[in-house]
Amino acid sequence: MAGGLARLTDELGILYGGDYNPEQWDREVWREDVALMREAGVNLVTVGVFSWSHLEPRPGEYRFAWLDEVLDLLHDAGIAVDLATPVASPPPWLGHRHPESLPTTADGTVLSYGSRNQFCPSSDAYRTAAVAIAEQVAARYARHPAVRMWHAGNEYGQVCFCDRCAERFRDWLRARYGTLDDLNAAWATAVWSQEYGDWAEILPPRVAPYHHNPAQELDFRRFGSDLLLDLYREQKAVVRRHDRDRPVTTNLMGFFGGIDPHDWRADLDVVADDAYPDPASPDAAADAALVNHLARGLAGGGSWLRMEQAASAVSWREHNLTKSPERLRTEVLQALAHGCDGALFFQWRQARSGPERFHSAMLPVAGADTAVHQGVRSLGAELRALRGLVGEPVHRRVALLWDWTSWWAATQVALPTARLDPLATLQAWHRELWRLGVVADVVPADRADVALHDYDLVLAPAQYVLDNDSAARLDAYVAGGGHLVWGPFGGVADGLSHLHAGRSPAPLRHVLGVSAEEWVPLPDGGSAVAWSGAGVEGLRGTAATLGERTRSDGADVLATYDDGPLAGCVAVARHAHGSGRTWYVGTALAGPAGGLGDVLRAALDDAGVPLGGQGPGVETVWRGGVLVAINHADRAATLDLAAARAVGPAAVRDATVPTDVPTDVLTDLLTGARHDGSATLPLAPYDVVVLATGRP
Ligand code: GAL
Ligand code: ZN
C-alpha cells in the first residue's frame, strides 16, 4: 500500500517519538512518561516490540490489562501508537518446551534463550506461537483509537542452518529449479564433485572443510531473505484480518546484508529504517546521507521513516562516543532534508536494567534536567515548525546503483582480492558526491521497475554482478541519452556468481567501449596513473587495490597506468554510445589531483548536473521549495545563497514559483528571519538552517 506514511503524517505532521517499553516500568513511571512525552512534542511511540513474555507469561495465558492501560493513557494524552506484534523475542517457555524452535549456527551450535531474537524462522512451534500472539494483539487492539500503525517483529535478520531450515531450503530450490538436473547445472556442481543425485542430499552451506559453492551460498542468502519475508507476511496477514487499512511495516537496517530489502518493499506499507551512524567516524555525515538515500530509493523516491536512532551514545560498539544535542539535530534534520518524515528513537526512556542500560534515550536515566532531554524537547518544537516539508520531493538527478545480489557475491571468498570491499567502494564514491554537493538515490541495477531515465547520471561503483537483462537496461539508458560511470571489477559475474565468458564486462563492453582480459590486484602502495586525455593532461593519481588489464575498443582513453603490473593499460576512459556517454573507472582511484573526485566532477559536468558544494562539512539539499543547509563540522562556515539557489529545482532557479514573496527572498522556517537570495549567511558549528523560497 503506497501512501502508508502519508496517512500518519497528514494527521500528525512530522512523526516524533520512539520505542516505548512500559513493561520495564511501573504505573507511576508511565504517567510521568506520558506527561514528559507531551512536553517534548512526542506524537508517536512504538509499543510492545519486546513484550511477548509480559503479554503471554505461559503458553496461552494472556495478560493484557497493563497494555490496555498504557494504550489508554497514551491516547488520552494525544500520543499515537505504532503497535508491535511482539514476535522478535520469544519467551523462555517456547525454547524450553520446543528446543527445535531455537536457531542453529553454521557450525551446529544451538543458540539459547536468555538474550533476544532466538528463533529458527522455519520452526513450526515458533511460527504457530508467533501467529497466536499476533492474533491476540491484533484482535484486541485493532479498534483501539491510539493505534495508527503496526510494527511486525523487529529488524528481521535471523539465519538458521538446522535440519528444518535445510528442508525448507530444498523446497525453495525445487520451486526455483524444478529438477535436480537444472539445479546441478545452475550450481555448476561438476566442480569439486558436488553433483546431487537426490534432493535430500542438499544442505545449507554449513561449516565445511574448504570453500563453499558460491552459487549455493548465493541461493541460501536469497532463500533466507524469502523465508523471513514469509514470516513478516504471516504477521501482516494476521493484522489484516482485524485491521484492513492501517499501515503495517517492520524496520530495515540500512546496509544490512541479512535480507534483500528490494524484495520486501512491496509488502512494506511504510519504508522504515534504523540508523546508528558512528560519531567517531570522520565520514559519519556523508555515510549517514548514503543510508538515507538508500531508504528513499526503497521508497521509490518518496518519503520514508526513521524508525530508530540514538539520542546520544549506543552501547553495542567497543567504545561508544556520545553525541551532542547539536550533532543529533544535524542528523535528524539531514534525514528530513533527504525525505524522512519522522524521527523516532530507540528508545524513549533509558533502561536501568538489562544489556541496553547504557544506551542513550530521549529521556536519560538522569532525568529531564539533562542536555540530552532538553535537546530532544527543542528538536520536537522545531519539527512542528517544519511540518510543511512533509511529503515534499527531494531534488536529485543522480542515481547510485547498488543491489544485494552483487554485494553478496562480491563478498564471497576466493576472489582476486579480499580487499576491494563493495560497500566501502560505494561509500568512497558517495563521499565524493557528497563533497561535491550532489544528492543521489541509491537504487538497484537488478530490478526492472527502476526508472533510470529519471536520472541525468547513473553511477555503478561496485556492480560485480550484472545479468543480461540489467545490462540491456543500462544499454538502453545510455543509448537514449543517459550518462553512466562504471566502476572497477564490475559486470564480472552473473546472478549465480559464475563469471561471464569473454572480455570483461562481457554484457556491457560495447556500451563502455573498453574491455578487460584479467583482474589484477595491485601491489601495496598502488600504481601511478597518468592522465593524458584532452583537458586532463598533467593530472596525476594513484590506483589502489585492484585494476583491470583493459584496452580501448573505441573509447577515448583519459588515463593509463604508469607503472606496476598494468603499465600502459587503460585506467579511465570515456565513450559515446547512442546519444549518451559512459565513463569507465577501472580501479580505486585516489587523488590529490587525478583522483575519483576529478572523474566524478567531469562526469557530472558532462551530464549537466550542477554542483552544490559549499565547502568542507557543509551540506545543502533542496526538498520541494525548501533549502536545508547543514554545517556538519565543528567549525564556523558560510552559506552562499546564490550558489545554493543555482543548483535548486528549476522552479527556484527560474524564479517561477507563484507567490507574493519574491523567490529571491528566503525565509528561515525556524527563526522567521528573511534573507536576500544573494546573501552569504554565517553557519555556526553544527548549525542547520531551513530556508523556504516564496511564502512559507
Ligand atoms: C536496534 C534494535 C533495538 C535496539 C537498538 C539499540 O538494532 O532494533 O531494539 O536494540 O538496536 O541500538
Ligand atoms: Zn532452522
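Let's shift gears to the pairing of strand S13 (residues 483-486). A regular strand places its side chains on the two faces of the sheet in alternate fashion. Residues His483 and Val485 point to one face of S13 and Leu484 and Trp486 to the other, with burial holding for every one of them. Two elements, strand S12 (residues 457-460) and S13, share four bridges in a ladder whose sense is parallel. In the strand pairing of S13, alanine 460 is matched with tryptophan 486. After leaving S12, the chain enters helix H15 (residues 468-479) and then returns to the sheet as S13, a path that is right-handed. Sheet topology places S13 next to strand S20 (residues 580-585); four bridges connect them, and they run parallel. When the bridges of S20 are listed, leucine 484 appears paired with threonine 582.

Here the focus is the side chain of arginine 447. With respect to the helices and strands, arginine 447 occurs in the loop between strand S11 (440-443) and S12. Of the residues examined, arginine 447 reaches a relative accessible area of 16% and is grouped as buried. Every residue in contact with arginine 447, bar those within four places of it in the chain, is listed here: Asp260, His262, Asp263, Arg265 and Arg473.

A separate point is the pattern of salt bridges. Tallying each qualifying case throughout the model produces 46 salt bridges. Here arginine 174 ties to aspartate 171 by a salt bridge, and the two come within 3.3 Å at their closest N and O atoms. Taken as a pair, arginine 174 and aspartate 171 lie in helix H7 (residues 163-177) at a separation of three residues, close to a single helical turn. Here aspartate 283 ties to arginine 431 by a salt bridge, and the two come within 3.2 Å at their closest N and O atoms. A residue pair is termed long-range when its members are at least 10 positions apart, and aspartate 283 in the loop between strand S7 (272-274) and helix H10 (284-298) and arginine 431 in helix H14 (residues 422-435) qualify at 148 residues.

Interhelical geometry of H10 versus H14 gives an angle of 105° and a closest axis separation of 9 Å. With respect to H14, the axis of H10 lies roughly perpendicular. Two secondary-structure elements touch here, H10 through Ala285, Ala286, Asp287, Ala289, Leu290 and His293 and H14 through Leu426, Gln427, His430, Arg431 and Trp434. Here the residues of the contact of H10 with H14 are counted per class, giving six nonpolar, three polar and two charged.

On to the sheet that holds strand S1 (residues 15-20). Pairing within the open sheet is parallel, and its nine strands lie in the order S5-S4-S3-S2-S1-S9-S8-S7-S6. Two strands close off the open sheet at either side, each with one partner strand: strand S5 (248-249) and strand S6 (251-252). Across four bridges, strand S2 (residues 44-47) lies against strand S3 (residues 80-85) in parallel orientation. Across the sheet, residue leucine 44 finds its bridge partner in S3, namely alanine 80.

Moving on, we come to the site of ligand 1. By nearness alone, every residue bordering ligand 1 is listed as Phe50, Arg116, Asn154, Glu155, Tyr276, Glu308, Trp316, Phe346, Glu356 and His359. Here an oxygen atom of ligand 1 and a side-chain polar atom of glutamate 308 are 2.7 Å apart. Note that an oxygen atom of ligand 1 is positioned 2.8 Å from one of the side-chain N or O atoms of tryptophan 316. Contact with the protein chains removes 93% of the 310 Å² of surface that ligand 1 exposes when unbound.

Our focus in this paragraph is the sheet that holds strand S15 (residues 527-531). Here 10 strands make up an open sheet; going across it, the order is S11-S10-S12-S13-S20-S19-S18-S15-S16-S21 and the pairing mixed. Strands with a single pairing partner mark the edges of an open sheet, and in this sheet they are S11 and strand S21 (588-593). Averaged over all pairs of adjacent strands, the angle between strand axes in this sheet comes to 20°, irrespective of strand direction. Against the sheet, H10 makes contact with strand S10 (398-401) and S11, and its axis sits at roughly 65° relative to S11, the strand it touches most.

Turning our eyes to something else, we now look at the coordination of the zinc ion (ligand 2). Ligation of the zinc ion (ligand 2) by protein atoms is provided by Cys120 (SG), Cys160 (SG), Cys162 (SG) and Cys165 (SG), these donors lying 2.2 to 2.3 Å from the ion. As a motif over one chain, the donors of the zinc ion (ligand 2) read C-x39-C-x1-C-x2-C. Accessibility classification places cysteine 162 together with cysteine 165 in one group, the buried group.

Where helix H11 (residues 325-337) meets helix H12 (residues 371-385), the axes come as close as 9 Å, and the angle between the chain directions of the two elements is 30°. When the axis of H11 is compared with that of H12, the two are roughly parallel. As H11 packs across H12, the resulting crossing turns out to be right-handed. Counted together, Pro325, Leu328, Arg329, Val332, Leu333 and Leu336 of H11 and Ala371, Gly375, Leu379, Glu382 and Leu383 of H12 form the full contact between these two elements.

A separate point is the domain arrangement of the protein chain. Domain annotation of the protein chain identifies domain 1 (4-163 + 224-389), domain 2 (398-606) and domain 3 (618-693). Between domain 1 and domain 3, the residue contacts involve 19 residues of the former and 14 residues of the latter. In this assembly, domain 1 packs against domain 3 so that about 1,400 Å² is buried in total across both faces, 66% of it on carbon and sulfur atoms. Sorting the residues of domain 1 by area buried against domain 3 places Thr330, Ala337 and Leu389 first, and these three jointly supply 36% of that buried surface. Taken together, the connections running from domain 1 to domain 3 amount to two salt bridges. Taking the shortest distance from any N to any O, the salt bridge between arginine 329 and aspartate 687 comes out at 3.6 Å.

What counts and how
- Residues numbered from 1 in each chain as written.
- Chains lettered and ligands numbered in written order.
- Predicted model: local features only at pLDDT ≥ 70, side-chain atom pairs only at ≥ 80, totals over all residues.
- Heavy atoms only, no water.
- Buried < 20%, exposed > 50% of the residue type's maximum accessible area, 1.4 Å probe, protein only.
- Helix = DSSP H or I, 4+ residues; strand = E, 2+ residues; numbered from the N terminus.
- Pairing = 2+ DSSP bridges.
- Right-handed = clockwise from strand over helix to strand, strands pointing away.
- Contact = heavy atoms within 4.5 Å.
- Salt bridge = Lys/Arg side-chain N within 4 Å of Asp/Glu carboxyl O.
- Axes fitted to C-alpha atoms, helices over the stretch in contact; angles between N-to-C directions.
- Parallel < 35°, antiparallel > 145°, perpendicular 65-115°, else oblique.
- Nonpolar A, V, L, I, M, F, W, Y, C, P; charged D, E, K, R; others polar.
- Near = heavy atom within 4 Å.
- Polar contact = N/O pair within 3.5 Å; in protein donor to acceptor, adjacent residues only side chain to side chain.
- Areas by Shrake-Rupley, 256 points an atom, 1.4 Å probe, with all protein chains shown as cover.
- Donors = N, O, S within 2.8 Å, 3.2 Å for Na, K, Ca; no water.
- Left-handed = near helix turned anticlockwise from the far one by under 90°.
- Domains from an automatic or database assignment.
- Buried area = accessible area lost by both parts, 1.4 Å probe.

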